[in-house]
Amino acid sequence: MSQLPAGLMASAVVAASSANLGPGFDSIGLALSLYDKIIVETTDSGLVVEVEGEGAGQVPLGSSHLVVRGIQRGLRAVGVSAAGLVVRCHNAIPHSRGVGSSAAAVVGGLAAVNGLAAQVDSTPLSETELIQLSSEFEGHPDNAAAAVLGGAVVSWIDHGCDPPGYAAVPLRLHPDIHLFPAIPEERSLTAETRVLLPAQVSHDDARFNVSRAALLVVALTERPDLLMAATEDVLHQPQRAPAMPASAEYLRLLRRYSIAAVLSGAGPAVIALSTEPELPAEAVEYGVANGFTVGEMAAGDGVRWSSGVAVLS
C-alpha cells in the first residue's frame with residue numbers, strides 16, 4: 001500500500017437525505033438540497049478534525065468521527081494510506097433529526113478520498129463502490145444511496161454475500177412534486193427508535209406495505225396525484241409515534257390537510273410531498289409553533305468531489 005505525500009488537498013459536498021418515505025422502509029430514499037462540505041489535507045503525521053456549524057462542540061474530534069472513518073475506509077479501498085490528516089467539516093445538515101447526517105458524513109469522507117486518489121493516479125471509487133462502502137456503515141442503503149446518487153432512489157440488500165451487497169438505482173422524480181421538510185430542535189437516534197419495531201409483522205401488514213411501496217414508485221415518478229395513498233404505512237411510523245409525539249401529531253395534521261406527509265427516516269423530522277407550491281398557512285404556523293423549522297427544499301444533487309477545494313466554491 002503506497003503512502004500519500006503530505007500537502008495533497010481534496011474536497012467533497014454531500015447532501016442530506018430523507019428515507020423510508022412512509023412504506024419504503026430501508027429501501028426508498030430522497031436527497032435534499034442541504035449540504036455538508038468537507039476539506040481533507042494530507043500531512044506528515046497526526047490527525048486534526050475541525051467542525052463548523054451543525055455538531056460543532058458535540059461530535060468527537062478524533063478517529064471515531066464518521067467523516068474520518070469514511071476517509072480511512074476509502075483510503076484502504078483505493079490502496080493508499082496517509083501518515084497524517086487535517087479534516088475540516090462545514091456542516092449544514094442537522095444531526096440526529098432523521099435527515100441523513102450520518103450517511104452524509106460517511107459518503108463525504110469516502111468521496112473526498114477520490115479527490116486524493118486522483119492526484120496519485122489511483123483509481124477513484126465508483127458510485128457502486130461508494131454505495132457499498134457507505135451502506136456497510138449504515139446497515140441499510142437508503143440514505144447512503146440517496147447521498148451518493150442524488151434525487152430519489154430505490155435501494156436493496158443482497159444477503160447472499162458477506163458482507164451483504166448494497167445497491168440502488170435512481171428514480172426520475174416528477175417535476176410537479178415539491179418537498180417541504182419540517183425539522184424540529186428535538187433529537188432522536190435511529191438505534192433508539194428501531195428497537196420499538198416488532199420482530200415480526202402480520203401478512204396483512206406486510207401485504208399493505210408492499211402495495212404502498214410499489215405505488216410510491218409510481219407516485220414519485222409518474223402519478224403524484226397518488227401520493228396520499230402511496231405514503232401510507234403500518235410497519236414503522238405508528239410504532240415510532242410514542243417516542244416522538246410532536247412529530248406524530250404534526251404528521252397527522254398535515255395528512256388531515258390532504259398533504260402526503262411522512263416521517264423523514266426514523267424521525268423526528270417530517271417531510272411533506274405536495275404538488276402545491278406552498279403548504280397551507282395554518283399547517284406551517286402549527287409546525288413553527290411546535291418547534292419545527294418548515295421550508296421548501298429541492299431534491300439534492302449526488303455527492304461531488306474534487307482535487308483541491310474547487311468543489312466548495
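Structure: above.
Residues numbered from 1 in each chain as written. Predicted model: local features only at pLDDT ≥ 70, side-chain atom pairs only at ≥ 80, totals over all residues. Heavy atoms only, no water.

Draft legend 1. Just the packing of helix H1 (residues 66-78) against helix H3 (residues 127-138), in detail. Packing of H1 against H3 brings their axes to within 11 Å, and their N-to-C directions diverge by 135°. Here H1 lies oblique to H3, going by the angle between them. Where H1 crosses over H3, the two elements pack in a sense that is right-handed. Two secondary-structure elements touch here, H1 through Leu-66, Arg-69, Gly-70, Arg-73 and Ala-77 and H3 through Leu-133, Glu-136 and Phe-137. A per-class count over the contact of H1 with H3 returns 4 nonpolar, 1 polar and 3 charged. (Axes fitted to C-alpha atoms, helices over the stretch in contact; angles between N-to-C directions. Helix = DSSP H or I, 4+ residues; strand = E, 2+ residues; numbered from the N terminus. Parallel < 35°, antiparallel > 145°, perpendicular 65-115°, else oblique. Left-handed = near helix turned anticlockwise from the far one by under 90°. Contact = heavy atoms within 4.5 Å. Nonpolar A, V, L, I, M, F, W, Y, C, P; charged D, E, K, R; others polar.)

Draft legend 2. Layout of the packing of aromatic side chains. Applying the stated rule across the entire model yields 2 aromatic pairs. Ring centres 5.7 Å apart and planes at 25° place the aromatic pair Tyr-250 and Tyr-286 in the stacked group. On the criterion of sequence distance, the pair formed by Tyr-250 in helix H9 (residues 245-256) and Tyr-286 in helix H10 (residues 281-289) is long-range, its members being 36 residues apart. Under the relative-accessibility criterion, Tyr-250 is labelled buried at 0%. The lysine or arginine in question, Arg-212, covers the ring of Phe-208, its NZ or CZ lying 4.1 Å from the ring centre. (Phe/Tyr/Trp six-rings, centres within 6.5 Å; stacked < 30°, edge-to-face > 60°. Buried < 20%, exposed > 50% of the residue type's maximum accessible area, 1.4 Å probe, protein only. Lys NZ or Arg CZ within 6 Å of the ring centre and 35° of its normal.)

Draft legend 3. Quick peek at unusual backbone geometry. Between Asp-162 and Pro-163 the backbone carries a cis peptide bond, its omega angle lying at 0°. Tracing the chain through its elements places Pro-163 in the loop between strand E7 (152-158) and strand E8 (165-171).

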